[in-house]
Amino acid sequence: MQSFLLLLISSLLWFTATTALDAGAIQDIKPRTCGNSSDAVPLFVVASQQYSDFYIATDVNLITAPVNRGYAFLGVGARVFTTQETSTVPFYELYSNSVTDHFFTISEVDRDLAITDGYTDYGIIAYIYPTQICGSIPYYQLFNPSVAEHWYTAVEVERDTMVAAGWSDEGIAGYVLDANVCSG
Ligand SMILES: *[C@@H]1O[C@H](CO)[C@@H](O)[C@H](O)[C@H]1NC(C)=O
C-alpha cells in the first residue's frame, strides 16, 4: 500500500515536472520554430488624407511612388519577412480602385471575399506570424466605413485614438515584429 502511494506520488511529480518542462521547452525551441529575426525587414508606411488611403510595403520603390504623388511618409510600422520563414504565413495585399483602399489580410477567406467585392489581388507583400509567437506583437486592423479605408498599426495608443475618433476596431490582422527592436 505504502509503495503504491509512493508510486502514485512519484508519477504525479513526474507528470508535474514533465508539464513544466514542456512549458519551458516552448521557449527553448525558438530557433527551430521561429523565423530568423535577422531576416526581418522594415515595413514602411505611407498614407494620404486626400485619397483616404493607407499603404504599406517593404520595397522602397513602392513607397517612393506614392510619396511622389503626395502621400505622407509615416516611417517604419513594423518588421516583417519577405520570404516565408518558419511559422509565418502570407500577408496578402488587395486594392480597390473604386474606393481607393488597400486591404491587407492573412485570411484567404477574407482575401477571396474582397476579390468578390471588386478588390484586385496584389499577391503577397510579406510574411507574418498568425499567432503571437517568437516575440511578435499584434498588428491591429481598423476600418473607416465612411471613406472605405483600412488602417494598420502595431501601436496600441494609435489604435485606441482612432477607435475613439470613430474608426471600427477590426481586431488583429496578424503578428509582426516590433519596428523599434533590433534583430538578434
Ligand atoms: C540568421 O540570419 C543571419 C543573417 O542572414 C545569419 O548570419 C544567421 O546565421 C542566421 N541564424 C540562423 C539561426 O539561421
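Residues numbered from 1 in each chain as written. Predicted model: local features only at pLDDT ≥ 70, side-chain atom pairs only at ≥ 80, totals over all residues. Heavy atoms only, no water.

Chemist: How would you explain the overall build of the chain if you had to name every residue and give the values?
Modeler: Along the chain, the regular secondary structure elements total 5 helices and 9 strands. Counting from the amino terminus, helix and strand elements in the chain follow one another as α-α-β-β-α-β-β-β-α-β-β-β-α-β. Counting the 184 residues in the chain, one finds 39% classified as buried. When contacts within the chain are restricted to residue pairs at least 6 apart in sequence, long-range pairs at least 24 apart make up 65% of them. A total accessible area of about 10500 Å² is found for the chain, and carbon and sulfur atoms account for 59% of it. (Helix = DSSP H or I, 4+ residues; strand = E, 2+ residues; numbered from the N terminus. Buried < 20%, exposed > 50% of the residue type's maximum accessible area, 1.4 Å probe, protein only. Contact = heavy atoms within 4.5 Å. Areas by Shrake-Rupley, 256 points an atom, 1.4 Å probe, with all protein chains shown as cover.)

Chemist: Before we move on, could you go through the pattern of salt bridges and cite the residues and values that matter?
Modeler: Under the criterion given, the structure shown has 2 salt bridges. The salt bridge partner of Arg111 is Asp112, with a shortest N-O separation of 3.1 Å. Overall, the relative accessible area of 38% leaves Asp112 in the partly exposed class. The residue Arg159 makes a salt bridge to Asp160 at a minimum N-O spacing of 3.0 Å. Judged by its relative accessible area of 16%, Arg159 is buried. Overall, the relative accessible area of 40% leaves Asp160 in the partly exposed class. (Salt bridge = Lys/Arg side-chain N within 4 Å of Asp/Glu carboxyl O.)

Chemist: Describe the pairing of strand β2 (residues 53-57), with residues and values.
Modeler: Most of β2 is tucked away, with 5 of its 5 residues classed as buried. Burial of the side chains of β2 extends over both faces: Asp53, Tyr55 and Ala57 are buried on one face and Phe54 and Ile56 on the other. Bridge count between strand β1 (residues 41-48) and β2: 5 bridges; the pairing is antiparallel. Along β2, the bridge assignment pairs Val46 with Tyr55. (Pairing = 2+ DSSP bridges.)

Chemist: Mind laying out the state of the cysteines, listing which residues take part and the relevant values?
Modeler: This model, assessed by the stated rule, comprises 1 disulfide. Between the sulfur of Cys34 and that of Cys134 lies a disulfide, 2.0 Å long from S to S. Between Cys34 and Cys134, the disulfide has an S-S torsion of -90 degrees and is therefore left-handed. On the criterion of sequence distance, the pair formed by Cys34 in the loop between α2 (30-33) and β1 and Cys134 in the loop between β6 (120-128) and β7 (137-144) is long-range, its members being 100 residues apart. (Disulfide = S-S within 2.5 Å.)

Chemist: I'd love a proper account of the site of the ligand, names of residues and values included.
Modeler: Around the ligand, the neighbouring residues are Asn36, Ser38 and Asp39. Here an oxygen atom of the ligand sits 3.4 Å away from a polar atom, N or O, in the side chain of Asp39. Considered on its own, the ligand offers 360 Å² of accessible surface; in the complex 26% of this is hidden by protein. (Near = heavy atom within 4 Å. Polar contact = N/O pair within 3.5 Å; in protein donor to acceptor, adjacent residues only side chain to side chain.)

Chemist: Hey, could you go over the sheet that holds strand β5 (residues 101-105) for me, with residue numbers and the actual values?
Modeler: Spatially, the 3 strands line up as an open sheet ordered β5-β4-β6, and their pairing is antiparallel. Each edge of the sheet is formed by a strand with only one pairing partner; in this case those strands are β5 and β6. Adjacent strand axes in the sheet meet at a mean angle of 25 degrees, parallel and antiparallel pairs treated alike. Bridging between strand β4 (residues 89-96) and β6 involves 6 bridges; their strand directions are antiparallel. Bridge assignment links Tyr92 to a residue of β6, and that residue is Ile124. Sheet strands touched by helix α4 (residues 108-116): β4, β5 and β6. Its angle to β4, the strand with the most contacts, is close to 15 degrees. (Axes fitted to C-alpha atoms, helices over the stretch in contact; angles between N-to-C directions.)

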